[in-house]
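What follows is each chain in one-letter form.
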Amino acid sequence: MVKRRTVLLGGAATAGALVIGWGVVPPRQRLHTAQPLPQGTGQVALNGWLKVAADNTVTVMMAKSEMGQGAHTGLAAILAEELDADWAQVRLEMAPIDDIYNNLATVVDGLPFHPDNDGSIKAVAGWLTAKTMREVGVMMTGGSSSIKDLWRPMREAGAHARAMLINAAAVQWKVQAAECKANAGVVEHAAGQRATFGELAALAAQQPPPGKVPLKAPAEFKLIGKPLTRIEAPSKLDGSAVFGIDAHPPGLLYASVVMCPTRGGKVVQFDGAAAQKMPGVKEVLAVAPYHGGTGGVAVIADTPWHAKKAAAAVTAQWDHGPAAALSSAAVMTQLTQALDQAQGFGYHSVGDVDQALQGAATTLTADYRAPYLAHATMEPINCTVQFKDGAASVWTSTQVPGLARMAAAKALGIDDTKVTVHQLLLGGGFGRRLEVDYVAQAAAIAKAAGGAPVQTLWSREQDLQHDFYRPACVARFKAGLDAQGQLVAWHNVSAGQAIVPQVLARTFGLPGAGPDKTTSEGAFDQPYEWPHARIAHEIIDLPLPVGFWRSVGHSHQAFFKESFVDEAAHAAKKDPVAFRAALLQKHPRHLKVLQKAAELAGWGQPLPPDASGVQRARGVALHQSFGSIVAQVAEVSVGAEKAIRVHRVVCVIDCGAAINPNLIAQQMESAVVYGLTAALWGEVTIKDGQVQQSNLHDYPLLRIADCPRVETHIIASAEPPEGVGEPGVPPIAPAVANALFALTGQRLRALPLKLS
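Notes on the structure follow. (Residues numbered from 1 in each chain as written. Predicted model: local features only at pLDDT ≥ 70, side-chain atom pairs only at ≥ 80, totals over all residues. Heavy atoms only, no water.)

## Looking at the overall build of the chain
1) Next: Looking only at helices and strands, one finds 20 helices and 27 strands in the chain.
2) Next: The C-alpha atoms of the chain give 28 Å as radius of gyration, which agrees with the globular expectation for 756 residues (27 Å, within 12%).
3) Next: For the C-alpha atoms alone, the extent of the chain along its principal axes is close to 90 × 80 × 75 Å.
4) Next: Taken over 756 residues, the chain has a buried fraction of 56%.
5) Next: Long-range contacts, defined here as pairs at least 24 residues apart, represent 77% of the contacts in the chain between residues at least 6 apart.
6) Next: Put simply, the chain shows about 30400 Å² of open surface, and 56% of that area lies on carbon and sulfur atoms. (Helix = DSSP H or I, 4+ residues; strand = E, 2+ residues; numbered from the N terminus. Rg over C-alpha atoms; globule rule 2.2 N^0.38 Å. Buried < 20%, exposed > 50% of the residue type's maximum accessible area, 1.4 Å probe, protein only. Contact = heavy atoms within 4.5 Å. Areas by Shrake-Rupley, 256 points an atom, 1.4 Å probe, with all protein chains shown as cover.)

Here you go:
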């Protein structure tokens, strides 16, 4: 008789063998979609990434959102390169929601391993995570991962299609495929035969899969590495570009929402009678807080103005929720107390830091802090939804189209397959549009519109006051120097909220498990060769929702770390560049970036005062994030009323292979502007659970007149491409702070930077 225990053990062993077997199999293909691509007249899909039309246009299926970072141009160039397409004939179409487009790179990069870790555990974890995300991940644009994530899939898609077109030509001409070559949208044979991709596409689709196709060597590139013009630029120049806010399906109605003034609150009861009687009003309804958002009362009307006016006539009683008593001062007190009481989760440890500190000739300590920040995108939150005959259409700017579809379906009580998402251009994302609260809200509102499409549009005030904020954070540092001024010990503990557990809970209803790398990224994952070190973070739970913000944890941890490195250099009586260089002897790429920035900035050479006699000084910062290494040198002066002015920023980046140097330079400039805005002015303050800032008058952005000259230098590299959209943000705040110390002697340890 077979015992139950034997059956259970046998079943467990079989399941384990299946898991192990699955683990060693390569990730499934990312070439073909589960369902055939929609094809227009004369179009032929050669795989899940491109279609070729009879007129010889090549349509690239775009799986990433365009929010100004240039991903559409860079990715299209990668595919067109391997396809040997004519760049002038390349077009774009947003890809459908399919697992081959899932973002693998961001999740793999989110594993809490140090970049220098080359062990088998990290390799296996990355391998299994990539395989898992291929099956159950999400389409996502974020984490500076678009080029990195699709570098190989889009090259392979182009190369496979090229091989199919060449094979079709060989069959048609009855020659060997090896005798044919593709160039600029045409296949040619040495004997003189010639056919365009469009003429060959139908026959190419009938060819057997070409198997493994070799990719081009960098020396063969014609498009990659060239400063191609942005593919969407003409539409932005002539006004034909369609952003989320531009969606205008026939019969469009508009919704305005009165939200609970406390972040995360909800409606208890409301009186919409006065609003219902106003001109153009169709419906007044309560809206629940979705996916971590805030509840409110929505008014649907025939024009945006009528909706807004009527919403102002609504009165409501609110449940202010768990954040009702929250204040910025209380948050900072709680975070600082955590530094006094907790050791934190250790992300990186080497040697014996406690013993090294005890034996140091000189020790120094300092506390740093950073506030909550809002995203403040130029395009305020909006979403258009039509719910009719049991199905829905969604027009929106989103970084997560699959999750947007899921949120709309859940709010409407229908299956995901009944929702069509139209992905439009984003007027800024910075992580805010990784959230789906506004999509679910818009869907719930549209459900009450009797089949008409409804655009829900937030005001700038609502956008600022109902955001998912960059977490506030504090950090405490201790460093030890020997008698020669060499750094011998580095101890750093920070405290703040964790983003990933919140996102998992509000998006998927899942509990967060394991450490959240974003809490300590920028602190533990850096190249400095500390002989003895411990870097840790203590997670503090608070009722204010937090989310991903451009460069995430790096945005504040870089300020903390690079400022304190400067403090250590000063205590050691060493030049800041030389002090850093001494800690990078085993990291030649980082050292090269640092030294090139110093050289281009004229480091060590005196800065003469300007024509009015105002003195200037330089500050430096080096930081690695999203796979890229960036060094910045800022030239700074202090004017009347202690106003801080940044005149020039020299920015050097090693991001691996440079796909498009124009896009890289643009992103460095954008990052400096975004980072400077946060460094000089960015601060969200809370009182009684309510955000005190409301618009750009009290949450200002850097204006053109205040922008510095940004000079970008790209280090040539044969390494695979890494992130570009975010790595320029983290170094700018510490570079400016360090320059201010050199100029004034004041060490600023809090953001935003304010001279006393």
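## Observations regarding the side chain of Gln 557
1) Next: One can find Gln 557 in helix H16 (residues 554-571).
2) Next: A polar contact is formed between the side chain of Gln 557 and the side chain of Ser 494, at a distance of 3.1 Å.
3) Next: Only 3.1 Å separates the side chain of Gln 557 from the backbone oxygen of Thr 519, close enough to count as a polar contact.
4) Next: If we ignore the near neighbours within four places in the chain, the residues touching Gln 557 are Cys 473, Asn 492, Ser 494, Thr 519, Ser 520, Glu 521, Gly 522, Ala 523 and His 537. (Polar contact = N/O pair within 3.5 Å; in protein donor to acceptor, adjacent residues only side chain to side chain.)

## A word on the nonpolar core
1) Next: Residues Trp 490, Phe 579, Val 736 and Leu 753 are the most contacted members of the largest nonpolar core, which totals 68 residues.
2) Next: For this core, the element with the highest residue contribution is helix H20 (residues 732-744), accounting for seven residues.
3) Next: With residues up to four places along the chain from it excluded, the contact list for Trp 490 reads Val 353, Phe 477, Lys 478, Trp 530, His 532, Ala 533, Arg 534, Ile 535, Lys 561, Phe 564 and Val 565.
4) Next: Membership of the second largest hydrophobic core comes to 54 residues, among which are Leu 50, Ala 71, Ala 95 and Ala 161. (Core = buried A, V, L, I, M, F, W, Y, C linked by side-chain atoms within 4.5 Å.)

## Looking at the packing of helix H19 (residues 661-680) against H20
1) Next: Direction vectors running N to C along H19 and H20 enclose 60 degrees, while the axes themselves pass 8 Å from each other. The angle between H19 and H20 places the two elements in the oblique class. Here H19 runs over H20; the crossing is right-handed. Between H19 and H20, the contacting residues are Val 672, Gly 675, Leu 676 and Ala 679 on the first element and Ile 732, Ala 733 and Val 736 on the second.
2) Next: The residue makeup of the contact of H19 with H20, split by class, is six nonpolar, one polar and no charged. (Axes fitted to C-alpha atoms, helices over the stretch in contact; angles between N-to-C directions. Parallel < 35°, antiparallel > 145°, perpendicular 65-115°, else oblique. Left-handed = near helix turned anticlockwise from the far one by under 90°. Nonpolar A, V, L, I, M, F, W, Y, C, P; charged D, E, K, R; others polar.)

## Re the sheet that holds strand E5 (residues 180-183)
1) Next: Pairing within the open sheet is antiparallel, and its three strands lie in the order E5-E6-E7. Of all strands in the sheet, those with a lone pairing partner are E5 and strand E7 (194-196), marking the two edges. Averaged over neighbouring strand pairs, the angle between their axes works out to 20 degrees when direction is ignored.
2) Next: In this structure, strand E6 (residues 186-189) lies alongside E7, joined through three bridges in antiparallel fashion. (Pairing = 2+ DSSP bridges.)

## Description of the environment of Val 136
1) Next: One can find Val 136 in helix H4 (residues 120-136).
2) Next: With 37 residues separating them along the chain, Val 136 and Asp 99 place their C-alpha atoms 7.5 Å apart.

## Quick notes on H20
1) Next: When the terminal C-alpha atoms of H20 are compared, their 18 Å separation across 13 residues agrees well with the 18 Å that a helix rising 1.5 Å per residue should span.
2) Next: Counting buried positions along H20 yields ten of 13 residues, so the element is predominantly enclosed.
3) Next: Of all the residues in H20, the buried ones are Ile 732, Ala 733, Pro 734, Ala 735, Val 736, Ala 737, Asn 738, Ala 739, Leu 740 and Phe 741.
4) Next: Contacts made by the buried residues of H20 are with H16, helix H17 (576-582), strand E22 (616-625), strand E23 (628-638), strand E24 (644-654) and H19. (Expected span 1.5 Å × (residues − 1).)

## Things to note about the layout of surface pockets
1) Next: Of the volumes computed, that of the second largest pocket is approximately 440 Å³.
2) Next: Lining the second largest pocket we find 19 residues, and of these Ala 95, Pro 96, Ile 97, Thr 420 and Val 421 sit closest to its centre.
3) Next: Of all elements in the fold, only strand E4 (90-94) and strand E17 (419-423) reach the threshold of two or more residues within the lining of the second largest pocket.
4) Next: If one sorts the elements of the lining of the second largest pocket by residue count, E17 sits on top with five residues.
5) Next: Of the residues assigned to the lining of the second largest pocket, the class counts are eleven nonpolar, five polar and three charged. (1 Å grid on protein atoms, 1.4 Å probe; cavity = no way out; pocket = protein on both sides within 12 Å on 5 of 7 lines; lining within 4 Å. Points joined across faces, edges and corners; volume = space filled by probe spheres on them.)

## What about the sheet that holds strand E19 (residues 473-481)?
1) Next: With mixed pairing, the five strands of this open sheet are ordered in space as E13-E21-E20-E19-E14. Each edge of the sheet is formed by a strand with only one pairing partner; in this case those strands are strand E13 (345-350) and strand E14 (362-370). Neighbour-to-neighbour, the strand axes of this sheet turn through a mean angle of 10 degrees, independent of strand direction.
2) Next: Taken together, the nine bridges between E14 and E19 define a ladder with antiparallel strand orientation. In the sheet register, Asp 367 faces E19, and the bridge partner there is Arg 476.
3) Next: Here helix H10 (residues 328-341) sits on the sheet and contacts E14, E19, strand E20 (487-496) and strand E21 (533-539); the angle it forms with E19, its principal contact strand, is near 35 degrees.

## A few points about the packing of aromatic side chains
1) Next: Counted according to the given criterion, the structure contains 14 aromatic pairs.
2) Next: On the basis of an interplanar angle of 90 degrees and a centroid distance of 4.9 Å, the ring pair of Trp 49 and Tyr 101 is categorised as edge-to-face. Here Tyr 101 lies in the loop between E4 and helix H3 (105-109) and Trp 49 lies in the loop between strand E1 (43-47) and strand E2 (50-53), a separation of 52 residues in the sequence. The residues Trp 49 and Tyr 101 share a single accessibility class, namely buried.
3) Next: Consider the rings of Trp 549 and Tyr 674, whose centres lie 5.0 Å apart with planes at 35 degrees: the pair is tilted. Residue Trp 549 is found in the loop between E21 and H16, and its partner Tyr 674 is found in helix H19; the two are separated by 125 residues along the sequence.
4) Next: Cluster of aromatic residues (ring-pair linked, three or more members): Tyr 368, Phe 477, Trp 490, Tyr 528, Trp 530, Phe 559, Phe 560 and Phe 564.
5) Next: In this structure, Arg 470 packs its charged tip against the face of Trp 549, placed 5.5 Å from the ring centre.
6) Next: Its guanidinium or amino end placed over the ring of Tyr 674, Arg 550 lies 5.4 Å from that ring's centre, counting from NZ or CZ. (Phe/Tyr/Trp six-rings, centres within 6.5 Å; stacked < 30°, edge-to-face > 60°. Lys NZ or Arg CZ within 6 Å of the ring centre and 35° of its normal.)

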